[in-house]
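Residue-level structural notes
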Amino acid sequence: MAEGNLDGKVAVITGGARGMGAATVRRFVAEGARVLIGDVLDDEGTALAAELGEAARFVHLDVSSEAEWTAARDAALEAFGQIDVLVNNAGVLLFRTIQETSLDDYKRVLGINLEGTFLGVRIIGAHMLERGSGSIVNISSADGMKGANGLGAYCSTKWGIRGLTRVAAMEYGHRGVRVNSVHPGGVDTSMGNPFSEERAEVNKRYHMVPLQRVGDPDEVARVSAFLASDAASYLCGSEIAVDGGMLTGQYYVGFPGAPGVE
Ligand SMILES: NC(=O)c1ccc[n+]([C@@H]2O[C@H](COP(=O)([O-])OP(=O)(O)OC[C@H]3O[C@@H](n4cnc5c(N)ncnc54)[C@H](O)[C@@H]3O)[C@@H](O)[C@H]2O)c1
């Protein structure tokens, strides 16, 4: 996508202080948007906003707090006058079997990933509905389309985000606001690569994925930028996998067409 496809647009991006969120902030600014970064990581968020200058502001936003969402909306409106795009990207991962997951653990992950997304869709969505235009991008996961061992709480939220997106698409679409979800596979961030291994090392774990490698955060950011842009004017309720083919199927290892077998 050429630079400038988000000229004049204002975006709120949650979890924007690092990882995929920070890549999305950079991508959006490069394409002409002004961005309010919301995150609980104040130092990282403030530093990123300072680096990007007038086009970016940081606000402390714990997405599980309704009051902080309202304050973030007001901060965006005060700084930039309008909100055209919301990227609900903030999220946490908990690697624990169902048997080892306490109710408090489960509720904490739901509170951030799912309730946080719900609050954004409702509170920022209200502003967009008033204006009669907007685009909401909800970051779900490939794990919102399949199961994954050790990710009972996380998977629940990512499937939930997918359902919420469909409902919002139905309720908001006819009022000028498009709502879509993005489903990344493995992406090289502190969540997807918790031991900060070299990219080549990480790629070795992706032998069951058609593209045979982990994703770069900007590869997901580019899809969010597309969904935010007017080029995506007929997408509403779409679920876009950005996963190197992870969700296409399972290889019959050693049989024709599998990696390593010509
Ligand atoms: N990395 C992957 O492989 C992968 C795959 C699929 C989906 N995702 C999703 O992509 C999104 C971004 O993840 P990432 O890989 O960049 O991970 P990350 O851990 O680097 O970034 C997550 C960001 O969310 C912020 N955050 C956490 N709790 C918050 C809260 N309560 N309020 C506001 N911000 C909060 C963190 O501070 C951080 O900046 C998440 O929703 C994640 O579930 C990641």
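Placed above this text is the structure.
Presented here is a report on the structure given in the accompanying data block. Predicted, not measured: the structure shown is a model, and the values here were computed from it.

With 12 residues, helix H1 (residues 19–30) should cover 16 Å at 1.5 Å per step; its first-to-last C-alpha distance of 17 Å lies within 8% of that length. With 10 of 12 residues buried, H1 is to be regarded as a mostly interior element. Taken residue by residue, H1 has Gly-19, Met-20, Gly-21, Ala-22, Ala-23, Thr-24, Val-25, Arg-27, Phe-28 and Val-29 as its buried positions. Next to the buried residues of H1 lie strand E1 (10–14), strand E2 (34–39), helix H2 (42–52), strand E3 (56–60), strand E4 (85–88) and helix H7 (217–228). Note on H1: the residue one or two positions beyond its end, Gly-32, has a positive phi of about 105 degrees.

So, about the site of the ligand. Near the ligand you find 28 residues, and of these Gly-15, Gly-19, Gly-91, Met-191 and Gly-192 are the closest. Looking at the shell around the ligand, the element that brings in the most residues is H1, giving three residues.

Strand pairing within a sheet occurs via backbone hydrogen bonds; the two strands may be parallel or antiparallel. The strand order across the open sheet formed by seven strands is E3-E2-E1-E4-E5-E6-E7, and the pairing between neighbours is parallel. Edge positions in the open sheet fall to E3 and strand E7 (239–242), since each of these has one partner strand only. For this sheet, the mean inter-axis angle between neighbouring strands, taken without regard to orientation, is 20 degrees. In this sheet, E2 lies alongside E1 in parallel orientation, the contact comprising five bridges. Paired with Thr-14 across the bridge in E2 is Gly-38. Packing against the sheet, H1 makes contact with E1, E2, E3 and E4, and its axis sits at approximately 170 degrees to E1. With respect to the sheet, helix H5 (residues 152–173) is in contact with strand E5 (134–139), strand E6 (177–184) and E7, its orientation differing from that of E6 by roughly 160 degrees.

This paragraph deals with the environment of Leu-211. Mapped onto the secondary structure, Leu-211 falls in the loop between helix H6 (199–203) and H7. A C-alpha to C-alpha distance of 26 Å links Leu-211 and Asn-88, two positions 123 residues apart in sequence. Those residues within four positions of Leu-211 in sequence are excluded, and the remaining contacts are Gly-244 and Gly-245.

We now examine the packing of helix H4 (residues 103–131) against H5. Running from N to C, H4 and H5 point in directions that differ by 15 degrees, and their axes come no closer than 9 Å. As the angle between them shows, H4 and H5 are arranged roughly parallel. The chirality of how H4 crosses H5 is right-handed. Contact residues: H4 offers Asp-105, Tyr-106, Val-109, Leu-110, Asn-113, Leu-114, Thr-117, Phe-118, Val-121, Gly-125 and Leu-129, while H5 offers Ala-153, Tyr-154, Ser-156, Thr-157, Gly-160, Ile-161, Leu-164, Ala-168 and Tyr-172. Residues belonging to the contact of H4 with H5 are distributed by class as follows: 13 nonpolar, six polar and one charged.

So, how was this worked out
Residues numbered from 1 in each chain as written. Predicted model: local features only at pLDDT ≥ 70, side-chain atom pairs only at ≥ 80, totals over all residues. Helix = DSSP H or I, 4+ residues; strand = E, 2+ residues; numbered from the N terminus. Expected span 1.5 Å × (residues − 1). Buried ≥ 20, exposed ≤ 12 C-beta atoms within 10 Å, placed from the backbone. Contact = placed C-beta atoms within 7 Å. Near = placed C-beta within 6 Å. Pairing = 2+ DSSP bridges. Axes fitted to C-alpha atoms, helices over the stretch in contact; angles between N-to-C directions. Parallel < 35°, antiparallel > 145°, perpendicular 65-115°, else oblique. Left-handed = near helix turned anticlockwise from the far one by under 90°. Nonpolar A, V, L, I, M, F, W, Y, C, P; charged D, E, K, R; others polar.

Taken by themselves, the reported measurements are silent on function.
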